[in-house]
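Observations on chain architecture
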Amino acid sequence: QLQASGGGLVRAGGSLRLSCAASKFTLSLYGVGWFRQAPGKEREFVAAISRSGNGLKYSDSVEGRFSISRDNAKNTVNLQMNSLKPEDTAVYYCASLALMYDSTFSDATAYPYWGQGTLVTVSS
């Protein structure tokens, strides 16, 4: 199971750090992606990290502001979000998959395991 946490209310320009924790399996054996869904919109890709941690992918909308990383000692994947904007407001989900390819890292349907989501609200 995956558990996303760290969401909350923050002003524009502020920062939040989301965490995706795994129970019952070792998260470092899986690629992990973060996705988000704003009200009335489709779920969209945010960032992904490969099993090794060397492969990092970001959507254009968050490139340079968000950073994804692993903490294998804690069995977590973190998403550091800086310079937040009101348009970053959404429910953020983490998901995992066994093998991550260039053709699948941003495809939500390729991820079989999902956490429950954590709400991020950015006020203007």
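1. Re the nonpolar core
In this structure, Trp-34, Val-46, Phe-66, Ile-68, Leu-79, Met-81 and Tyr-92 are the most contacted members of the largest nonpolar core, which totals 27 residues. Of all the secondary structure elements, the ones that give two or more residues to this core are strand 1 (2–5), strand 3 (16–22), strand 4 (31–37), strand 5 (44–49), strand 7 (66–71), strand 8 (76–81), strand 9 (90–97) and strand 11 (118–123). Looking at this core, the element that brings in the most residues is strand 3, giving four residues. Filtering out sequence-adjacent residues up to four positions away, Met-81 remains in contact with Gly-14, Ser-15, Leu-16, Leu-18, Arg-65, Phe-66, Tyr-92 and Val-120. Counting residues in hydrophobic clusters, the runner-up holds seven residues, among them Phe-45, Ala-48, Ala-95 and Phe-105.

2. Considering the sheet that holds strand 7
If you walk across this open sheet you meet the four strands as 1-3-8-7, and the pairing is antiparallel. The sheet is open, and its two borders are formed by strand 1 and strand 7, each paired with just one other strand. Pairs of neighbouring strands in the sheet enclose a mean axial angle of 15 degrees, with direction left out of account.

3. Looking at the packing of aromatic side chains
For the structure shown, the criterion picks out eight aromatic pairs. Arranged with centres 5.1 Å apart and planes meeting at 75 degrees, the rings of Phe-25 and Tyr-30 form a pair that is edge-to-face. Given a relative accessible area of 21%, Phe-25 falls into the partly exposed group. On the numbers, 5.2 Å between centres and 50 degrees between planes, the contact of Phe-35 with Trp-114 is tilted. Of this pair, Phe-35 sits in strand 4 while Trp-114 sits in strand 10 (residues 113–114), and the two are 79 residues apart along the sequence. Phe-35 sits in the buried class, given a relative accessible area of 1%. The partly exposed category is assigned to Trp-114, whose relative accessible area is 27%. An aromatic cluster of three or more residues is present, and its members are Phe-35, Phe-45, Tyr-93, Phe-105, Tyr-111 and Trp-114. Here the guanidinium or amino end of Arg-43 rests over the ring plane of Tyr-93, the centre of that ring lying 4.0 Å away. The lysine or arginine in question, Arg-43, covers the ring of Trp-114, its NZ or CZ lying 4.7 Å from the ring centre.

Definitions and cut-offs
Residues numbered from 1 in each chain as written. Predicted model: local features only at pLDDT ≥ 70, side-chain atom pairs only at ≥ 80, totals over all residues. Heavy atoms only, no water. Core = buried A, V, L, I, M, F, W, Y, C linked by side-chain atoms within 4.5 Å. Buried < 20%, exposed > 50% of the residue type's maximum accessible area, 1.4 Å probe, protein only. Helix = DSSP H or I, 4+ residues; strand = E, 2+ residues; numbered from the N terminus. Contact = heavy atoms within 4.5 Å. Pairing = 2+ DSSP bridges. Axes fitted to C-alpha atoms, helices over the stretch in contact; angles between N-to-C directions. Phe/Tyr/Trp six-rings, centres within 6.5 Å; stacked < 30°, edge-to-face > 60°. Lys NZ or Arg CZ within 6 Å of the ring centre and 35° of its normal.

It is worth stressing that arrangement in space is one thing and function is another; only the former is reported here.
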